[in-house]
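Here are the chains, one letter per residue:
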Amino acid sequence: MHAYANPTRFLAIARPLTPWLLGVGLLLLLIGAWAGLTQVPGDYKQGETARILYVHVPSAWLGMGGWTALAITGLVQLVWRHPLAGIAARAVAVPGMLFTALCLATGSIWGKPTWGTWWEWDGRMTSMLVLLFLYAGFIALTSGDEGQRQGGSLSRGAAIYALVGAINIPIINRSVVWWNSLHQGPSITLGGSSIDNALLWPLGLTLLGFSFLFGAIVLMRMRRIIADNRVAARLRRLADDEGI
């Protein structure tokens, strides 16, 4: 793991990997969207509105996955002091928050014709909204902390915040099982899927496509943060040399 603590080694992998993730992600997303909109039938109960699942489900997956990544980077920061942990956390937070917001928006749009309401304070929707606020709090906490001025590392408080916030992830996952909810129960589990195979295969394409795009965005943001850190370091050295 520490082999890539050197930003130069990390960039040697990130630079060529970014366009591949971006290109493959866009291709899979376009094929999945085309298939989901034109090649599969509407749901027998919900009709055409069910097609929004090809955006809603990947958005939920990446919102939760993004915070899981934040918790992992927080742990790595606290235990191993890995130089790239804080940079990765800052890079993940914004796209994670955006996908969480997209999940809430598409869920609300889906819910209106299906449930007759834009919003319901049930376990799944409320815990997902909490996740959005957690992201906002993390971004605010790290936007001007001392770690940002020291090469991008997370402060101890931010790392602990990321770890504690991970408690919400299993709550989101199991909320439709633990509490009565308008939201449907688990559709995809280790034991199989309740979604008909005719509707399921485009979801795999959009899920992979959004995931690759998420990875590309994170790598681009990490590269930008590293570049900003290098510029800031040069400016500090110039200031020191000039006695400012």
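In this text the structure is predicted, and so the values were computed from the model without any measurement.

On to the overall build of the protein chain. When you go through the protein chain residue by residue, the secondary structure sums to 7 helices and 2 strands. Along the protein chain, from the amino end to the carboxyl end, the secondary structure elements read α-α-α-α-α-α-β-β-α. Of the contacts made within the protein chain by residues no fewer than 6 positions apart, 79% connect residues no fewer than 24 positions apart.

Right, let's talk about empty space enclosed by the protein for a bit. Counted according to the given criterion, the structure contains 1 cavity of 30 Å³ or more. Looking at the largest cavity, its volume works out to about 40 Å³. Val40, Pro41, Gly42, Asp43, Gly47, Ala50, Arg51, Leu53, Tyr54 and Leu199 together form the lining of the largest cavity. In terms of residue class, the lining of the largest cavity is built from 6 nonpolar, 2 polar and 2 charged.

A cluster of basic residues, Arg15, Arg230, Arg234, Arg236 and Arg237, forms a positive patch on the protein surface. With 4 residues, helix H7 (residues 197–241) is the single largest residue contributor to the positive patch. Relative to the elements of secondary structure, arginine 237 occurs in helix H7.

Below, the discussion takes up the UniProt feature "transmembrane region" (unreviewed entry) in the protein chain. UniProt's feature table lists "transmembrane region" (unreviewed entry) at residues 20–40, 60–80, 92–111, 123–142, 154–179 and 199–220, given in the numbering used throughout. In residues 123–142, the share of helix is 100% and the share of strand is 0%. The end C-alpha atoms are 28 Å apart. When the span residues 154–179 is considered, its composition is 81% helix and 0% strand, and the gap between its end C-alpha atoms is 36 Å.

Our next topic: the environment of tyrosine 54. When you line up the elements, tyrosine 54 lands in helix H2 (residues 53–80). Among all residues touching tyrosine 54, those that are not within four sequence positions of it are Gly36, Val40, Leu199, Pro202, Leu203, Thr206 and Phe210. Within the structure, tyrosine 54 has its side chain in polar contact with the backbone oxygen of leucine 199 (distance 2.7 Å).

A few words on the packing of helix H4 (residues 123–142) against helix H6 (residues 168–178). Between H4 and H6, whose axes approach to 8 Å, the crossing angle comes to 160°. Viewed along their axes, H4 and H6 adopt a mutual orientation that is roughly antiparallel. The hand of the H4/H6 crossing is left-handed. Across the interface between the two elements, Gly123, Arg124, Ser127, Met128, Val130, Leu131 and Leu134 of H4 pack against Asn168, Ile169, Ile171, Ile172, Asn173, Ser175 and Val176 of H6. Across the contact of H4 with H6, the residue classes break down as 8 nonpolar, 5 polar and 1 charged.

Phi at arginine 81 is positive, roughly 55°, even though this residue is not glycine. With respect to the helices and strands, arginine 81 occurs in the loop between H2 and helix H3 (85–115). Residue arginine 81 is classed as exposed on the basis of its relative accessible area of 53%.

Residues Ala158, Ala159, Ala162 and Gly165 constitute the buried set of helix H5 (residues 156–165). Down the axis of H5, the buried side of the element spans an arc of 135°, and every buried residue falls inside it.

Quick look at the environment of alanine 140 now. On the secondary structure map, alanine 140 appears in helix H4. Between the alpha carbons of alanine 140 and alanine 158 there is a distance of 9.9 Å; along the sequence they are 18 residues apart.

Before going further, it helps to examine the packing of aromatic side chains. For the structure shown, the criterion picks out 7 aromatic pairs. Among the aromatic residues, those joined into a ring-pair cluster are Trp67, Tyr135, Phe138 and Tyr161.

What follows deals with the pattern of salt bridges. According to the stated counting rule, one finds 2 salt bridges in the structure shown. Its salt-bridge partner being glutamate 48, residue arginine 51 comes within 2.5 Å of it at the nearest N-O pair. In this structure, aspartate 228 and arginine 224 form a salt bridge, with 3.4 Å as the shortest nitrogen-oxygen distance. With aspartate 228 and arginine 224 both in helix H7, this residue pair falls 4 residues apart, about one helical turn. In this structure aspartate 228 comes out as partly exposed when scored by relative accessible area, which is 40%. Its relative accessible area of 46% is what places arginine 224 among the partly exposed residues.

Parameters at a glance
- Residues numbered from 1 in each chain as written.
- Predicted model: local features only at pLDDT ≥ 70, side-chain atom pairs only at ≥ 80, totals over all residues.
- Heavy atoms only, no water.
- Helix = DSSP H or I, 4+ residues; strand = E, 2+ residues; numbered from the N terminus.
- Contact = heavy atoms within 4.5 Å.
- 1 Å grid on protein atoms, 1.4 Å probe; cavity = no way out; pocket = protein on both sides within 12 Å on 5 of 7 lines; lining within 4 Å.
- Points joined across faces, edges and corners; volume = space filled by probe spheres on them.
- Nonpolar A, V, L, I, M, F, W, Y, C, P; charged D, E, K, R; others polar.
- Patch = residues over 30% accessible without salt bridge, like charges linked within 9 Å, V, L, I, M, F, W, Y side chains within 5 Å.
- Areas by Shrake-Rupley, 256 points an atom, 1.4 Å probe, with all protein chains shown as cover.
- Salt bridge = Lys/Arg side-chain N within 4 Å of Asp/Glu carboxyl O.
- Lys, Arg positive; Asp, Glu negative; His and termini not counted.
- Charge placed at Lys NZ, Arg CZ, Asp CG, Glu CD.
- UniProt positions renumbered as here; feature names shortened; annotations may be inferred.
- Polar contact = N/O pair within 3.5 Å; in protein donor to acceptor, adjacent residues only side chain to side chain.
- Axes fitted to C-alpha atoms, helices over the stretch in contact; angles between N-to-C directions.
- Parallel < 35°, antiparallel > 145°, perpendicular 65-115°, else oblique.
- Left-handed = near helix turned anticlockwise from the far one by under 90°.
- Buried < 20%, exposed > 50% of the residue type's maximum accessible area, 1.4 Å probe, protein only.
- Arc of directions from axis to C-beta.
- Phe/Tyr/Trp six-rings, centres within 6.5 Å; stacked < 30°, edge-to-face > 60°.

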